[in-house]
Number of protein chains: 2
Amino acid sequence: MGKCEQCIIKQFNSLKSLTKDELVRISSCKTSKTIKKGEVIFEEGETLNGVYCIKDGICKLSKLSENGKDQIVKMVVKGQLLGHRSLISDESSNLQASALNDMEVCFIPKSEIIADLQKNPKFSFDVLKDMAHDLRESDDIIVNMAQKSVKQRLAETLIYIHDSFGVNSDGTLSVLLSREDYASIVGTATESAIRVLSQFKKEGLISTVGKFVKIENLNGLKRME
Amino acid sequence: MGKCEQCIIKQFNSLKSLTKDELVRISSCKTSKTIKKGEVIFEEGETLNGVYCIKDGICKLSKLSENGKDQIVKMVVKGQLLGHRSLISDESSNLQASALNDMEVCFIPKSEIIADLQKNPKFSFDVLKDMAHDLRESDDIIVNMAQKSVKQRLAETLIYIHDSFGVNSDGTLSVLLSREDYASIVGTATESAIRVLSQFKKEGLISTVGKFVKIENLNGLKRME
DNA sequence: ATTAAAACATGACAAATATCATATTTAAAA
DNA sequence: TTTTAAATATGATATTTGTCATGTTTTAAT
C-alpha cells in the first residue's frame, strides 16, 4: 500500500501541513478503498469515524429535501478531503456522499485526524482556511439560488464544472452528469433542466458528444449571468 | 473600558477558549464602538483588519446579486463574532454587514486574532467547530432555496428568527425587520413577501403589533414545511 | 401642523417554472 | 438478439412568482 509521506495527492489538501512523523503515523493506520460509480460512501445521518482523502474520482454531496427531492450541495474531487466537517462538529453527517465515477480513496480514522487538529496549529489553520473558502462558496450559491433564473444557474453550473474540474481531450466536460444530476444541482425539475440544456444546444452554446457535454460558447453562457 | 477577561459575552463564542493572558493582551488593544441602526459595519469587498465581538444588537450579512438585489445570507447576533472568516481566508470580505438595530461591539485587531489562532490549538479548534456548524446551516439554506416555495421559506424564516433570536415580553419577535428585509432573506420580490405575510395574517398564523410580528400558530407555520 | 418620503398593500398581468402525459432514444438485462 | 427498464425529450397546462401600476398608511423632515 502507498505511503502518505510520498503521496502527491496530499499537496492539494490540508494534509500537506502535517509533519513527516504525523504522516508516517497516519500512513500506518489508513486503509485504501475502491468505490464504484453510483456507490454511496456515507449516508445522511450516518456517524463517520474518519475522513476520506480522495486519490481519484469525484463524488457528490447531497441532501434529501422534505419534498423528497435530492439537492446536490457540493462536488468533491480528487485531491480533496471528505467528511472532515462532520468529524469536527462531532455530529452525524448532514449530507450523503455518493460516487459520480469510480473512485480511489484513503480512509483515515477519526482519532488520528482529531489528534493532529488539536496538536498541529499549522494543520488546523489550514483546515480553517479551507472551510472559510467553502463558506464563501456557499454564500455565492445561496445568492444564486435566491436571485437567479434556472437558465442562469444552469449556465453557471456548466461554467463551474468546466473551470473547476476541467475537460477531456475532445473538449467535453470531464464530469459526466445525468440530466437529473444537473437538475439536482440547479434545484429544478428534471424536465426543466432537460429543456434548458436542449435550448442551449439549439442556440449553439453547448454540444453533446455521446452523453458528454461540450461548451461551445463560453462567453455566451457567461453573458447569461 | 471593560476588560475581556471579565466580559461575560465571550462565553457565547470561541474567545472563551483563550487563556487569561491572551485575553488580557487582547483587552489592551481592543476598541469599543457603538453602531447605529442601519449603519454599515463593513462593505462587500472591504479589507477587514480585525474581528468584531458583538456585545449587543444584531446585524445582517448580505451580498449584492448581479441583478442589483440584496440577498441576506446570515444574521449575526449578540455574543457572536463577525469578520473572522475573511480574516482567516485572508481575502477581502465577500459580504456587507449592516446593523439591524443599535449595536455595541468590540473591535479586535487582526494581528492579535491571527496570532492566537496559530498558537492556541484549543481556540482554533473552537473556531473550526463554529465554522463547521455554519457550513451545515448553509447547506440547509441552499436546500431550502432550491426546493421550497416562497411561502415555505418565509414560514421557516419566521420560525428561525423565533427560535434563534427570541421574543419580546409581548411575544413579538425580538428582531424587527422590514418587508424588504424579509424578501431579501427569502430571496423573493418585496411585493411577494408582503403578500405572503398578509396571507399568514389572514389565516391567523401570525399577527402584528405595530411593526412587530407575532407568531400565533407555530405548528401551523411548521406544517407548511 | 404640513409636507415629503418611505414603507406597506393590493390588483392586473406577464413570465418562469412545475407537473402530468406521452413519445423516443439509449442502456441494461434476460 | 430480444425484452425491459431507464434516461431523454417535448407538448399541454396549471401554478407560482415577478413586474408594473396605483393607492394607502406610516414615518420623517421642514
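Scroll up to find the structure.
Basis of the calculations
Residue positions are given per chain, counted from 1 along the sequence in the order it is written. Labels are handed out in written order, letters beginning with A for the chains and numbers beginning with 1 for the ligands. Per-residue local features are limited, in this predicted model, to residues with pLDDT of at least 70; the limit for side-chain atom pairs, both in listing and counting, is 80 or more; totals at the level of whole chains, interfaces and linings are taken over all residues. Computation of side-chain values covers all heavy atoms of the structure but excludes hydrogens and water. Note on terminology: near, applied to a residue and a molecule or strand, indicates that one of the residue's heavy atoms is within 4 Å of it. Think of a polar contact as two N or O atoms within 3.5 Å of one another; within protein, one of them needs to be a possible hydrogen donor and the other a possible acceptor, and neighboring residues in sequence only count if both atoms come from side chains. Starting at the N terminus, helices and strands are each numbered in turn, a helix being any DSSP run of H or I of at least four residues and a strand any DSSP run of E of at least two. In this classification, Asp, Glu, Lys and Arg are treated as charged, Ala, Val, Leu, Ile, Met, Phe, Trp, Tyr, Cys and Pro as nonpolar, and every other residue, Gly included, as polar. Fitting of the copies onto one another was done by least squares over C-alpha atoms, counting residues only where both copies have pLDDT of at least 70. The term salt bridge refers to a side-chain nitrogen of Lys or Arg lying within 4 Å of a carboxyl oxygen of Asp or Glu. Think of it in three bands: with a 1.4 Å probe and only protein chains considered, a residue is buried below 20% of the maximum accessible area for its type, exposed above 50%, and partly exposed in between. Centres within 6.5 Å are what make two rings of Phe, Tyr or Trp a pair, Trp counting through its six-membered ring; a difference in plane orientation under 30 degrees is then read as stacked, over 60 as edge-to-face, and the rest as tilted. Geometrically, a lysine NZ or arginine CZ counts as sitting over a ring once it is within 6 Å of the ring centre and also within 35 degrees of the ring normal. Contacts are assigned to residue pairs that have any heavy atoms within 4.5 Å of one another. Buried area is calculated as the accessible area (1.4 Å probe) missing from two parts once they are joined, with the contributions of both summed.

**Section: the protein's contact with DNA strand C**
Consideration 1: Taken together, 16 residues form the shell around DNA strand C, and within it A:V150, A:T188, A:S192, A:R195 and B:R179 come nearest.
Consideration 2: When the atoms of DNA strand C within 4 Å of the protein are sorted by group, sugar and phosphate make up 59%.
Consideration 3: For DNA strand C, a phosphate oxygen lies 2.8 Å from a polar atom in the backbone of A:V150.
Consideration 4: One of the side-chain nitrogen or oxygen atoms of A:R195 is found 2.9 Å away from a base oxygen of DNA strand C.
Consideration 5: Listed by contribution, the elements that provide at least two residues to the surface near DNA strand C are helix 7 (190-202) of chain A together with helix 7 (190-202) of chain B.
Consideration 6: Counting residues per element, the surface near DNA strand C draws most heavily on helix 7 of chain B, at four residues.
Consideration 7: Its residues assigned to classes, the surface near DNA strand C shows three nonpolar, five polar and eight charged.

**Notes on the relation of the copies chain B and chain A**
Consideration 1: The transform that puts chain B on chain A rotates by 180 degrees and translates by 0.0 Å along the axis, for an RMSD of 0.0 Å. Expressed as an axis order, the relation between the two copies is that of a two-fold axis.

**Here's the deal with the pattern of salt bridges**
Consideration 1: Going through the model one piece at a time under the given rule, you end up with 28 salt bridges over all chains.
Consideration 2: We note a salt bridge from A:K16 to A:D126, for which the minimum N-O separation is 3.2 Å. One end of the pair, A:K16, is in the segment before helix 1 (20-29); the other, A:D126, is in helix 4 (residues 121-147), with 110 residues separating them in the sequence.
Consideration 3: Look at A:K16 and you get partly exposed, because its relative accessible area is 40%.
Consideration 4: Here B:D181 ties to B:K60 by a salt bridge, and the two come within 3.0 Å at their closest N and O atoms. With B:D181 in helix 6 (residues 179-186) and B:K60 in strand 4 (residues 58-64), the pair connects residues that are 121 residues apart, well separated along the chain. With respect to class, B:D181 is no different from B:K60; both count as buried.
Consideration 5: One salt-bridge network, held together by shared partners, links A:K74, A:R85, A:D134, A:E137 and B:D139.

**Some points on the packing of aromatic side chains**
Consideration 1: Tallied over the entire structure, the rule returns six aromatic pairs over all chains.
Consideration 2: A ring pair is formed by B:Y160 and B:F165, whose centres lie 5.7 Å apart and whose planes are at 85 degrees; its orientation type is edge-to-face.
Consideration 3: What makes B:Y160 partly exposed here is its relative accessible area of 32%.
Consideration 4: Given a relative accessible area of 15%, B:F165 falls into the buried group.
Consideration 5: By way of ring pairs, the aromatic residues A:F42, A:Y52 and A:F107 are connected into one cluster.
Consideration 6: In this structure, A:K33 packs its charged tip against the face of A:F107, placed 5.3 Å from the ring centre.

**Section: the interface of chain B and chain A**
Consideration 1: Residue-level contacts link 44 residues of chain B with 44 residues of chain A.
Consideration 2: Interface area, chain B with chain A, both sides summed: about 4,200 Å², of which 63% is carbon and sulfur.
Consideration 3: Here chain B is connected to chain A by eight salt bridges.
Consideration 4: Applying the counting criterion to the chain B and chain A interface returns 17 residue pairs in polar contact (both at pLDDT 80 or more).
Consideration 5: When contributions to the side of chain B that touches chain A are tallied by element, the ones reaching two or more residues are strand 5 (70-77), helix 2 (84-89), helix 3 (110-119) and helix 4 (121-147) of chain B.
Consideration 6: With 20 residues, the single largest contributor to the side of chain B that touches chain A is helix 4 of chain B.
Consideration 7: Its residues assigned to classes, the side of chain B that touches chain A shows 17 nonpolar, 13 polar and 14 charged.

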